[in-house]
Amino acid sequence: MTTEITITRPDDWHLHVRDGAALQAVVPHTAAQFGRAIIMPNLKPPVTTAAQALAYRDRIRAAVPAGMNFEPLMTLYLTDNLPADEIARARDAGVVACKLYPAGATTNSDAGVTDLRKTYKTLEAMQRAGLLLLVHGEVTSPDIDLFDREAVFIEQQLIPLRRDFPELKIVFEHITTREAAQYVRDADRFTGATVTAHHLLYNRNAIFTGGIRPHYYCLPVLKRETHRLALVEAATGGNPRFFLGTDSAPHPAHLKEHASGCAGCYTAHAALELYAEAFDAAGALDKLEGFASFHGADFYGLPRNSGTVTLRRESWNAPEQFAFGDAQLKPLRGGEPLLWRLA
Ligand code: NCD
Ligand code: ZN
Ligand code: ZN
């Protein structure tokens, strides 16, 4: 039995760090594990200009503990009116991608896109400038069943988008279904996907076992076991277009344990440990390094990290909660045993 694994320092290709005191609380967790992370722009108000992205990057860098090397990779929030000429400014500022949130699909998506057609000039500019498009892939029509929103998004939005912008690099973020895994597997080199640790480890039963468990609620929501198995197969199969993106999404505990609880699972405190558990359970620890440390960098056209991290098979209990400004943050699996530990 493998008891220790050393891999090239990984990156997190989908991360929420919020702002202010919340940001101070969570950035050290990610900086302790990852070399870089793609920072989601769904602040209130959203990050929609190169100047805002640069200022946000400075605040994140300032929250990295001394002695740690961590580089935030910035994104802009695509809206119906993000001007096409902002894209060149964004590229010059080092912004690597824009994020598509269909309006109303998830946390802080009110400013999101109401009709993809409205963004076509901007998408053309992105394709020219080499910026990636990161997609929260769910339709929002109330008549579509919540559990079908991702699969319907592929048919209604992604296939036409892919056809209209054949050389725009698109990342289908936090995929949760067999349909999404198949779509990405069958696509060309311009289409990739991130997979979270929680979607590899849990199916939708986790939200309801023994009572409603708000800390397992995220969007896209956990799906059936057949979908989880398809995600495990995709992530552990060695295909370079699937890579690590935690979607660690911190919310104050009292707003998750609420009549209308927020969507998002916090996993940054033990991200690699959770992925190692999922890969180990699939007998695929040897595939973790590609997924966590190579595929994302290669897809984005960025250099791979130097340096390594080591994970040991060792049972330990993650803290039940962390301070989060004036509130508390309850991590996934908090207070429960984890099977791997970062050395
Ligand atoms: C994310 C958040 O809280 O910002 N929530 C989530 O459930 N995943 C938004 C997102 O990535 O959709
Ligand atoms: Zn999302
Ligand atoms: Zn997210």
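Residues numbered from 1 in each chain as written. Chains lettered and ligands numbered in written order. Predicted model: local features only at pLDDT ≥ 70, side-chain atom pairs only at ≥ 80, totals over all residues. Heavy atoms only, no water.

## Observations concerning the coordination of the zinc ion (ligand 2)
Phase 1: Within the protein, the atoms that donate to the zinc ion (ligand 2) are His136 (ND1) and His174 (NE2), at distances of 2.0 to 2.1 Å.
Phase 2: If you look at the zinc ion (ligand 2), its four donor atoms make angles of 55 to 147 degrees with each other, and the shape they trace is irregular.
Phase 3: A separation of 3.8 Å is found between the zinc ion (ligand 2) and the zinc ion (ligand 3). Linking His136 in the loop between strand E7 (132-135) and helix H5 (149-164) with His174 in the loop between strand E8 (170-172) and helix H6 (178-186), this pair joins segments that are 38 residues apart in sequence. The two residues His136 and His174 agree in class, both being buried. (Donors = N, O, S within 2.8 Å, 3.2 Å for Na, K, Ca; no water. Tetrahedral: all angles 85-135°; square planar, octahedral: opposite > 155°, others 65-115°. Helix = DSSP H or I, 4+ residues; strand = E, 2+ residues; numbered from the N terminus. Buried < 20%, exposed > 50% of the residue type's maximum accessible area, 1.4 Å probe, protein only.)

## Focus: the packing of H6 against helix H8 (residues 225-236)
Phase 1: Between H6 and H8, the least distance of the axes is 8 Å, while the angle of their chain directions is 25 degrees. When the axes of H6 and H8 are compared, the pair comes out roughly parallel. Across the interface between the two elements, Arg178, Glu179 and Ala181 from H6 touch Thr226, His227, Ala230 and Ala234 from H8.
Phase 2: Among the residues forming the contact of H6 with H8, the class breakdown is three nonpolar, two polar and two charged. (Axes fitted to C-alpha atoms, helices over the stretch in contact; angles between N-to-C directions. Parallel < 35°, antiparallel > 145°, perpendicular 65-115°, else oblique. Contact = heavy atoms within 4.5 Å. Nonpolar A, V, L, I, M, F, W, Y, C, P; charged D, E, K, R; others polar.)

## Comments concerning the packing of H5 against H6
For any two helices packed against each other, one specifies the inter-axial angle together with the distance between the axes.
Phase 1: Running from N to C, H5 and H6 point in directions that differ by 25 degrees, and their axes come no closer than 9 Å. It follows from the interaxial angle that H5 and H6 lie roughly parallel. The way H5 lies across H6 gives a crossing that is right-handed. Residue-level inspection shows Glu150, Ala151, Ile154, Leu158, Ile159 and Arg162 of H5 in contact with H6, the latter providing Glu179, Ala180 and Tyr183.
Phase 2: Residues of the contact of H5 with H6, tallied by class, amount to six nonpolar, no polar and three charged. (Left-handed = near helix turned anticlockwise from the far one by under 90°.)

Worth remembering: the numbers are spatial, not functional.
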